[in-house]
Amino acid sequence: MNQTPASDPTLQINRIKIDSIDKKLIALLGERERVVKEIGIYKAKNNIPALQADRFKQVLEKTIEAGKQEGLSATFITELMNAIHKESLRIEEEIKAQKQ
């Protein structure tokens, strides 16, 4: 008797693992953005622009290299970090607007 993919124990176990990892990823992103809020408060108080292009370039280069070590493509890491950076800028700009 053939098992359907949904009832395959190996598939179920790995899906549970993925769900757990996804939960951890979201928690880490939340932690990161809480730090971004602290940076945003500092920048707002000191009249520093949210966008720091040189800093983002450094972050991107480091994460691309780290991604390579994990077998992840530079394209994927760039897209991921651009999305994270976009959210970080949104948060910083929101904080700046509240300070005005």
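The structure this text deals with has already been given above.
Quantities reported herein were computed from a predicted structural model and do not represent experimental measurements.

Conventions adopted
Residues numbered from 1 in each chain as written. Predicted model: local features only at pLDDT ≥ 70, side-chain atom pairs only at ≥ 80, totals over all residues. Heavy atoms only, no water. Helix = DSSP H or I, 4+ residues; strand = E, 2+ residues; numbered from the N terminus. Rg over C-alpha atoms; globule rule 2.2 N^0.38 Å. Buried < 20%, exposed > 50% of the residue type's maximum accessible area, 1.4 Å probe, protein only. Areas by Shrake-Rupley, 256 points an atom, 1.4 Å probe, with all protein chains shown as cover. Expected span 1.5 Å × (residues − 1). Arc of directions from axis to C-beta. Contact = heavy atoms within 4.5 Å. Core = buried A, V, L, I, M, F, W, Y, C linked by side-chain atoms within 4.5 Å.

## Section: the overall build of the chain
No. 1: Assigned secondary structure in the chain consists of three helices and zero strands.
No. 2: Its helices and strands in sequence order give the chain the pattern α-α-α, from N to C terminus.
No. 3: Taking 2.2 N^0.38 as the reference for a compact globule, 100 residues should give roughly 13 Å; the C-alpha atoms of the chain span a radius of gyration of 19 Å, well beyond that estimate.
No. 4: On the principal axes, the C-alpha backbone points of the chain span a range of 70 × 30 × 15 Å.
No. 5: Counting the 100 residues in the chain, one finds 18% classified as buried.
No. 6: As presented, the chain carries roughly 8000 Å² of accessible surface, and 58% of it is formed by carbon and sulfur atoms.

## Focus: helix α2 (residues 53–69)
No. 1: Helix length check: α2 (17 residues) gives 25 Å between terminal C-alpha atoms against 24 Å at 1.5 Å per residue, within 8%.
No. 2: Restricting attention to buried positions, one finds in α2 the residues Phe56, Val59, Leu60, Ile64 and Gly67. Buried positions in α2, seen along its axis, are confined to an arc of 135 degrees and lie on one side of it. Among the exposed residues of α2, those pointing more than 90 degrees away from its buried face are Asp54, Lys62, Lys68 and Gln69.
No. 3: Looking at the packing, one finds that the buried side of α2 touches α1 (9–45) and α3 (74–99).

## Some thoughts on the environment of Gly40
No. 1: Tracing the backbone through its elements, the reader meets Gly40 in helix α1.
No. 2: Its relative accessible area of 2% is what places Gly40 among the buried residues.
No. 3: Sequence-wise, Gly40 and Glu94 are 54 residues apart; in three dimensions their C-alpha atoms are separated by 8.7 Å.
No. 4: Among all residues touching Gly40, those that are not within four sequence positions of it are Glu92 and Ile95.

## Digging into the side chain of Ser88
No. 1: Checked against the element boundaries, Ser88 lands in helix α3.
No. 2: Accessibility expressed as a relative area gives 5% for Ser88, which makes it buried.
No. 3: Ignoring sequence-local partners within four residues, the contact set of Ser88 consists of Arg32, Glu33 and Val36.

## Overview of the nonpolar core
Within soluble globular proteins, side chains that are nonpolar tend to cluster in buried spots.
No. 1: Membership of the largest hydrophobic core is limited to seven residues, which are Phe56, Val59, Leu60, Ile64, Ile77, Met81 and Ile84.
No. 2: Sequence-distant contacts of Leu60, defined by excluding residues within four places in its chain, comprise Ile77, Thr78 and Met81.

Everything listed is a geometric property; what it means functionally is a separate question.
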